[in-house]
Amino acid sequence: MVKSNPSGFNVLWRYFAWSNQTLALFAFMAIIIWMFENGKGKWTWIPLIPGAFYCFQTCSFILNAKIGLSLSWNIAYPIAAALTVAYTVSLLVWGKKRGAQATLS
């Protein structure tokens with residue numbers, strides 16, 4: 001049983017921590033898009049910085065962890081950095097596009 005086995009709990013806790021950080025990524029994404037749509041685009045750097053940090057942290061963990069892809073840190077860090085840049089750039093492009101559509105309406 002998972003509850004009585006300490007190693008089972010530790011694995012379960014790692015999945016919970018990873019999913020919690022992934023949920024935070026989506027929350028920051030929603031906040032940033034809302035800010036663009038409501039004319040607060042110049043302030044999007046405030047949720048963008050912790051969102052980029054969480055993206056890097058989450059991606060590097062799942063790429064390196066034994067419960068993930070088990071890649072070495074030398075491979076996991078550059079891939080996580082590339083995914084973080086892709087997350088940030090796509091979010092800014094999508095947010096500016098949604099913000100422009102909101103002002104036209």
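Procedures and definitions
- Residues numbered from 1 in each chain as written.
- Predicted model: local features only at pLDDT ≥ 70, side-chain atom pairs only at ≥ 80, totals over all residues.
- Heavy atoms only, no water.
- Patch = residues over 30% accessible without salt bridge, like charges linked within 9 Å, V, L, I, M, F, W, Y side chains within 5 Å.
- Areas by Shrake-Rupley, 256 points an atom, 1.4 Å probe, with all protein chains shown as cover.
- Salt bridge = Lys/Arg side-chain N within 4 Å of Asp/Glu carboxyl O.
- Helix = DSSP H or I, 4+ residues; strand = E, 2+ residues; numbered from the N terminus.
- Expected span 1.5 Å × (residues − 1).
- Buried < 20%, exposed > 50% of the residue type's maximum accessible area, 1.4 Å probe, protein only.
- Contact = heavy atoms within 4.5 Å.
- Core = buried A, V, L, I, M, F, W, Y, C linked by side-chain atoms within 4.5 Å.
- Polar contact = N/O pair within 3.5 Å; in protein donor to acceptor, adjacent residues only side chain to side chain.

Q: Where do I start with a nonpolar patch on the surface in this structure?
A: Taken together, the side chains of Trp-43, Trp-45, Ile-46 and Ile-49 define a hydrophobic patch exposed on the protein surface, amounting to about 450 Å² of accessible area. Here Ile-46 lies in helix 2 (residues 45-64).

Q: Looking at this structure, I do not really get helix 1 (residues 6-37). What am I missing?
A: For an α-helix, the turn length of 3.6 residues means that residues three or four places apart are oriented alike. Taking 1.5 Å per residue as the helical rise, helix 1 with its 32 residues ought to reach 46 Å, and the 47 Å between its terminal C-alpha atoms agrees with that figure. Residues Gly-8, Thr-22, Ala-24, Leu-25, Phe-28, Ile-32, Ile-33, Met-35 and Phe-36 constitute the buried set of helix 1. For helix 1, the elements touching its buried residues are helix 2 and helix 3 (73-104). Looking one or two residues past helix 1, Gly-39 carries a phi angle of roughly 75 degrees, positive in sign.

Q: How do you make sense of the nonpolar core when you look at a structure like this?
A: Looking at soluble globular proteins, one finds that nonpolar side chains tend to be buried together. Of all hydrophobic cores here, the largest spans 13 residues; its most connected members are Ile-32, Cys-55, Tyr-87 and Leu-91. Those elements that provide at least two residues to this core are helix 1, helix 2 and helix 3. Non-local contacts of Cys-55, meaning those with residues more than four positions away in its chain, are made with Leu-25, Leu-83, Thr-84 and Tyr-87.

Q: Got a minute to help me understand the side chain of Thr-88 in this structure?
A: Along the polypeptide, Thr-88 turns up in helix 3. Among the polar contacts listed, one links the side chain of Thr-88 to the backbone oxygen of Thr-84, at a separation of 2.9 Å. Excluding anything up to four places from it in sequence, Thr-88 contacts Leu-48 and Ala-52.

Q: Would you take a moment to explain the environment of Ser-4 for this structure?
A: Its place among the elements puts Ser-4 in the segment before helix 1. Expressed as a C-alpha distance, the spacing of Ser-4 and Thr-44, which sit 40 residues apart in the sequence, is 45 Å.

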